[in-house]
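Next come the chains, spelled out residue by residue.
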Amino acid sequence: MDNTKQRTTFIFLIIGTAWLFDAMDVGLLSFIMPIVHQQWALTNSQTGLISSVSTVGMVCGGFYFGHLADRIGRKNTLIATLLTFSIGNLILAVSPGFYTFLGIRFFVGMGLGGELPVAATYIADIYKGTKRSQMLILADSFWALGWLVASFLSFLLTPVLGWREILVVTAIAGFFAIVLRKHIHETAPKNPSAQNWLVSLKTTFKPWTLMLWLAWFMVMFSYYGMFMWLPSIMVDKGYGIVNSFGYTTIIVVAQLPGYFCASWLAKRIQVKYVFAIYMLGTACGAIMFGQSASAVLIVISGCVLSFFNLGAYGAIIALTPELYTNNIRGTMTGMAQGIGRIGAIFGPLLIGVLMDHQISISVIFIIFMVSLVIGSIAVLALPSADRQPDGEVTQ
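- If you check an unreviewed UniProt entry, the chain appears there as Transporter, major facilitator family protein from Lentilactobacillus parafarraginis F0439.
- Taken from UniProt, the Subcellular location (unreviewed entry) comment for the chain reads in full: "Cell membrane".

Below, the structure written as C-alpha cells:
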C-alpha cells in the first residue's frame, strides 16, 4: 500500500509539470514579446496578435486533445501535447520573421491548451472523493511555480541570451518532461467505440453544462484581463514598481497560499462553494486594486487578487472532471477549458478598448467585479459532485 501511494505521488508530480510548462510559456512570452516587438519593429497591434494567436491555439488544443484523450488514452495524449510544445518551440527559435512566428505560435498554443485538460483528467482518474478535489487544486499550484521559473529565467538569462536561446532552453526542458511521462500508466478505458462515446456524450450534456462554461469563461476572462494588463495600468498610474522582478515575484508567491487554502476547504465543503467564495474574494480584490492610490496598496491588493483568482482557477479545475464519467471526461474537460480560453481572449481586448476610450481604471475593475460575481452565481447552479470514499484509485 505504501508503494502504491509513493508511486501515485510520483505520478502526481510528473503530471504537475503540465501546469508548470503552461505557466512558464505564458510568463516567458510576456517577457519575449517586447524584445520581438523591438527587433522586428512591430506595431502594437502586431505584437498583440502574438498573444491572441497563442490563445486561439490553446482553445483549439483544448477541444482537440481533450477528445483525443478519450479515444487513444491519457498517457499518449499527454506525450503528444508536450511534443507539440517542445518541437514547436525549437522551430519557433529559428523563425525568420513575424508571420512565420505567428503560425508556429498557434501550434505551440495547441500543445499547451491541450495539456492542461488532459492532465486534469488524468489526476481525476487516479484519485477519488475529496482527495481528488484536493489534489487537482494542488496540481494547479504548479502554475505559480511555472511563473516563478519564467521570472527567474527572464531575470537571469535575458541579459546574456536572446529570446531564441531562451526558447531552446524551454524546449529542452519539455523533452526532459516527456521522458518522465513515459513512466506513467494509462487510466482511460481501452478503445471505447465511437457509438458508445457519442451516447455517453449526449446523455451527459445537460443544461447546467452551459453554466459550467459560463463560470470557466468568467474566471479566465477576469484572470487574463486583469493580470496581463496590471503592469501597463500601474505604469500609467506612475508606479514603476510593477515592472520590477520583485513585484512579479511577490504577486506570484501570493498565489501559493491561495491554492493551499482552497485545497484545505475542498476537504470540508463542496468544491463549487469553494469556487464561489474565491470568485467573490477576487471581486473584492478587483475593487481594492481599482481604488488603490499608493504603491503599498497596489502590492496588497495585487496579492489579494492573486490569492483568490488563482485559488478560484484551481477550484474549477477540481470541479470540472468529477462532473463527468471516465469515458468522456477528457472531452468535456477540454471543451470547458477551451470555452474559458475564449474568455482569456476577450478579457485583455476589452481592457485595451476601454483604456483607448479613456475609461477610468476604477470603472474597468468594477466591470471585472461584476463578471466575477456572475461566475460565482453560475457555478452554484451545478449539481453537487457524487462523493466517493477518499483515496487513490488502484490500477
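**Quick notes on the side chain of Arg105**
Turning to step 1, where the next piece is worked out: Checked against the element boundaries, Arg105 lands in helix α4 (residues 98-126).
Turning to step 2, where the next piece is worked out: On the accessibility criterion, Arg105 (1% relative accessible area) is buried.
Turning to step 3, where the next piece is worked out: Discounting chain neighbours no more than four positions away, the residues touching Arg105 are Asp25, Leu29, Ile50, Ser54, Asn89 and Leu92.

**Examining the environment of Phe63**
Turning to step 1, where the next piece is worked out: Note that Phe63 resides in helix α2 (residues 44-72).
Turning to step 2, where the next piece is worked out: A relative accessible area of 35% means that Phe63 is categorised as partly exposed.
Turning to step 3, where the next piece is worked out: Spatially, the C-alpha atom of Phe63 lies 9.3 Å from that of Met110, the residues being 47 residues apart in sequence.
Turning to step 4, where the next piece is worked out: Setting aside chain neighbours within four positions, we find Phe63 in contact with Gly334, Met335, Gly338 and Ile339.

**Points about the packing of aromatic side chains**
Turning to step 1, where the next piece is worked out: If you walk through the whole model with that rule in mind, you get 21 aromatic pairs.
Turning to step 2, where the next piece is worked out: Judged by centre distance (6.2 Å) and plane angle (75°), the rings of Trp143 and Tyr223 are edge-to-face. Of this pair, Trp143 sits in helix α6 (residues 142-157) while Tyr223 sits in helix α9 (residues 208-227), and the two are 80 residues apart along the sequence. For the residue pair Trp143 and Tyr223, the accessibility class agrees, reading buried in each case.
Turning to step 3, where the next piece is worked out: Between Tyr223 and Tyr224, the ring centres sit 5.0 Å apart and the planes meet at 90°, which makes this aromatic pair edge-to-face.

**Re the nonpolar core**
Generally speaking, a soluble globular protein has its nonpolar side chains buried in company with each other.
Turning to step 1, where the next piece is worked out: Counting residues in hydrophobic clusters, the biggest one holds 121 residues, and the most contacted among them are Ile15, Trp19, Ile50, Ile123, Trp143, Trp216 and Phe275.
Turning to step 2, where the next piece is worked out: By residue number, the principal contributor to this core is helix α1 (residues 2-39), which donates 16 residues.
Turning to step 3, where the next piece is worked out: Composition of this core by domain shows at least three residues from each of domain 1 (1-185) and domain 2 (205-385).
Turning to step 4, where the next piece is worked out: Once residues within four sequence positions are removed from consideration, Ile50 is found in contact with Leu29, Met33, Val36, Leu42, Phe98, Phe101, Leu102 and Arg105.

**With respect to unusual backbone geometry**
Among all residues save glycine, negative phi is the norm, and among peptide bonds the norm is trans.
Turning to step 1, where the next piece is worked out: Its identity is not glycine, yet Ala41 carries a phi of approximately 55°, on the positive side.
Turning to step 2, where the next piece is worked out: Here Ala41 shows up in the loop between α1 and α2.
Turning to step 3, where the next piece is worked out: Of note, Gln358 is a non-glycine position whose phi angle comes to about 60°, a positive value.

**A short note on the side chain of Asn89**
Turning to step 1, where the next piece is worked out: Inspection of the secondary structure puts Asn89 in helix α3 (residues 74-92).
Turning to step 2, where the next piece is worked out: The contacts of Asn89, once residues within four sequence positions are left out, are Asp25, Arg105, Val108, Leu167, Thr170 and Ala171.

**Concerning the packing of α9 against helix α16 (residues 361-380)**
Turning to step 1, where the next piece is worked out: At their nearest, the axes of α9 and α16 sit 8 Å apart, and the two run at 155° to each other. If you check the angle between α9 and α16, you find them roughly antiparallel. In the crossing of α9 with α16, the sense of the turn from one axis to the other is left-handed. Judged by residue contacts, Met211, Leu214, Ala215, Met218, Phe221, Ser222, Gly225 and Met226 of α9 engage Phe365, Phe368, Ser371, Leu372, Ile374, Gly375, Ala378 and Val379 from α16.
Turning to step 2, where the next piece is worked out: Split by residue class, the contact of α9 with α16 holds 12 nonpolar, 4 polar and no charged.

The rules behind the values
- One numbering rule holds for all chains: residues counted from 1, following each sequence as written.
- Owing to the predicted nature of the model, reporting of local features is limited to residues with pLDDT of at least 70; listing and counting of side-chain atom pairs is limited to 80 or more, with chain, interface and lining totals taken over all residues.
- Where side-chain values are given, they derive from all heavy atoms of the structure, hydrogens and water being excluded.
- UniProt positions are given in the numbering used here, feature names are shortened, and annotations may be inferred rather than shown by experiment.
- Each helix corresponds to a stretch of at least 4 residues labelled H or I by DSSP, and each strand to a stretch of at least 2 residues labelled E; elements are numbered beginning at the N terminus.
- To sort residues, take the accessible area from a 1.4 Å probe on protein chains only and compare it with the maximum for the residue type: under 20% means buried, over 50% means exposed, and anything in between is partly exposed.
- It only takes one pair of heavy atoms within 4.5 Å for two residues to be counted as in contact.
- In summary, the pairing rule links any two rings of Phe, Tyr or Trp, Trp by its six-membered ring, whose centres are within 6.5 Å, and it sorts them by plane angle into stacked for under 30 degrees, edge-to-face for over 60 and tilted for everything else.
- In plain words, nonpolar cores are sets of buried Ala, Val, Leu, Ile, Met, Phe, Trp, Tyr and Cys residues tied together by side-chain atoms within 4.5 Å.
- An automatic or database domain assignment supplies the residue ranges for each domain.
- For every element, the axis is a line fit to its C-alpha atoms; helices are fit only across the contacting stretch, and the angle between N-to-C directions ranges from 0 to 180 degrees.
- If an angle is under 35 degrees, it is roughly parallel; if it is over 145, roughly antiparallel; if it lies from 65 to 115, roughly perpendicular; otherwise it is oblique.
- Helix crossings are classified by the rotation of the near helix relative to the far one: an anticlockwise turn of less than a right angle makes the crossing left-handed, while a clockwise turn makes it right-handed.
- Amino acid classes used here: Ala, Val, Leu, Ile, Met, Phe, Trp, Tyr, Cys and Pro are nonpolar; Asp, Glu, Lys and Arg are charged; the rest, including Gly, are polar.

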